[in-house]
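Secondary and tertiary structure notes
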Amino acid sequence: MPENDELRALMSAWIRMVMRNSMKSMIRYTKDNGLSMSQTAALFKIRGEGACGVNDIGEDLQISSAAASQMMDKLVQLGFVHRSENPEDRRGKRLMLADKGSAFLHGSGNARIQWVDDLVDSLTLEERDSAAAAISLLVGKAKALGLDFDPHQCPWKGTIKS
């Protein structure tokens, strides 16, 4: 059991480090591009759905329809999102990512993991092999437990409840 405690502590420390560096880089990238984290979350939601309505954004981000509408107006003005008539309900609008929005999300992914390149570059070949074997094992076990997810899916979809 002590080995399990040590492993859990090491894995917890690693997860905190990954999350801290990933989020720090994401926040910096978002601010450098003139967006808020809420706007970024909305872009992830739109990418995950392919197309969605303003109310969908509001529900997922737990904000009012008016606040979601204002946010979407700004993202449309900035060229991150296209808004068109919903063919199923002409009263509603359909939101889709513009090329600028897609490029932003791609860049955000790169920004979140840039520090990984520095870490990998600091490892010897033997350390890289050991790390690759350990991470491959953990990824395989996580997938076997059903912990894998679609990287294009909105990461919090179905997890936020009022």
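Preceding block: the structure.
Residues numbered from 1 in each chain as written. Predicted model: local features only at pLDDT ≥ 70, side-chain atom pairs only at ≥ 80, totals over all residues. Heavy atoms only, no water.

1. Considerations on the overall build of the protein
Note the threshold: In DSSP terms, a helix is any run of H or I states spanning at least four residues, a strand is any run of E spanning at least two, and both are numbered starting from the N terminus. Buried means the residue's accessible area, taken with a 1.4 Å probe over protein chains only, is under 20% of the maximum for its type, while exposed means over 50%, and partly exposed covers the values in between. Only heavy atoms matter for contacts: two residues are in contact if any of them lie within 4.5 Å across the pair. The protein chains shown are the only cover counted for residues, whose accessible areas, like all others here, come from Shrake-Rupley with a 1.4 Å probe.
Of the regular secondary structure elements, the protein holds six helices and two strands. Secondary structure elements of the protein occur, N-terminal to C-terminal, as α-α-α-α-β-β-α-α. Here the protein holds 162 residues, and the buried ones make up 25% of them. If you take every contact in the protein between residues at least 6 apart in sequence, the share linking residues at least 24 apart comes to 54%. When the accessible area of the protein is evaluated, it comes to approximately 11100 Å², of which 55% is carbon and sulfur surface.

2. Describing the nonpolar core
Spelled out, the test is: What makes a nonpolar core is a set of buried Ala, Val, Leu, Ile, Met, Phe, Trp, Tyr and Cys residues whose side-chain atoms join them at distances within 4.5 Å.
Grouped together as the largest cluster of nonpolar side chains are 21 residues, with contacts concentrated most on Leu 43, Ile 46, Ile 57, Met 72 and Leu 75. Once you skip the residues sitting within four places of it in the chain, Ile 57 turns out to touch Ala 42, Lys 45, Ile 46, Cys 52, Ala 68, Met 72 and Leu 95.

3. Considering a positive patch on the surface
Applicable threshold: Patch membership needs two things, relative accessible area over 30% and no salt bridge, and members are linked within 9 Å if like-charged or within 5 Å if nonpolar (Val, Leu, Ile, Met, Phe, Trp, Tyr). What makes a salt bridge here is a side-chain nitrogen of Lys or Arg within 4 Å of a carboxyl oxygen of Asp or Glu, nothing more. In summary, the charge assignment counts Lys and Arg as positive and Asp and Glu as negative, without counting His or the chain termini. Taken as the charge centre is NZ of Lys, CZ of Arg, CG of Asp or CD of Glu, depending on the residue.
A grouping of Arg 16, Arg 20, Lys 24 and Arg 28 is seen on the molecular surface, where their side chains present a positively charged patch. For Arg 20, the location among the structural elements is in helix 1 (residues 2-32).

4. Re the packing of helix 3 (residues 54-61) against helix 4 (residues 65-77)
Stated formally: As a rule, the C-alpha atoms of each element are fitted with a line to give its axis, helices using only the stretch in contact, and angles between N-to-C directions run from 0 to 180 degrees. By the definition adopted for this analysis, an angle is roughly parallel if under 35 degrees, roughly antiparallel if over 145, roughly perpendicular if from 65 to 115, and oblique otherwise. What makes a crossing left-handed is the near helix being turned counterclockwise from the far one by less than a right angle; a clockwise turn instead makes it right-handed. The classification used treats Ala, Val, Leu, Ile, Met, Phe, Trp, Tyr, Cys and Pro as nonpolar, Asp, Glu, Lys and Arg as charged, and all other residues, Gly among them, as polar.
Remark: helix 3 packs on helix 4, axes separated minimally by 8 Å, with the N-to-C direction vectors making an angle of 115°. The angle between helix 3 and helix 4 falls in the class roughly perpendicular. Where helix 3 crosses over helix 4, the handedness of that crossing is right-handed. Residue-level inspection shows Val 54, Asn 55, Ile 57, Gly 58 and Leu 61 of helix 3 in contact with helix 4, the latter providing Ser 65, Ala 68, Ser 69, Met 71 and Met 72. Of the residues assigned to the contact of helix 3 with helix 4, the class counts are six nonpolar, four polar and no charged.

5. Description of the environment of Gln 70
Relative to the elements of secondary structure, Gln 70 occurs in helix 4. Judged by its relative accessible area of 60%, Gln 70 is exposed.

Geometric descriptors of this kind do not, in isolation, establish any biological role.
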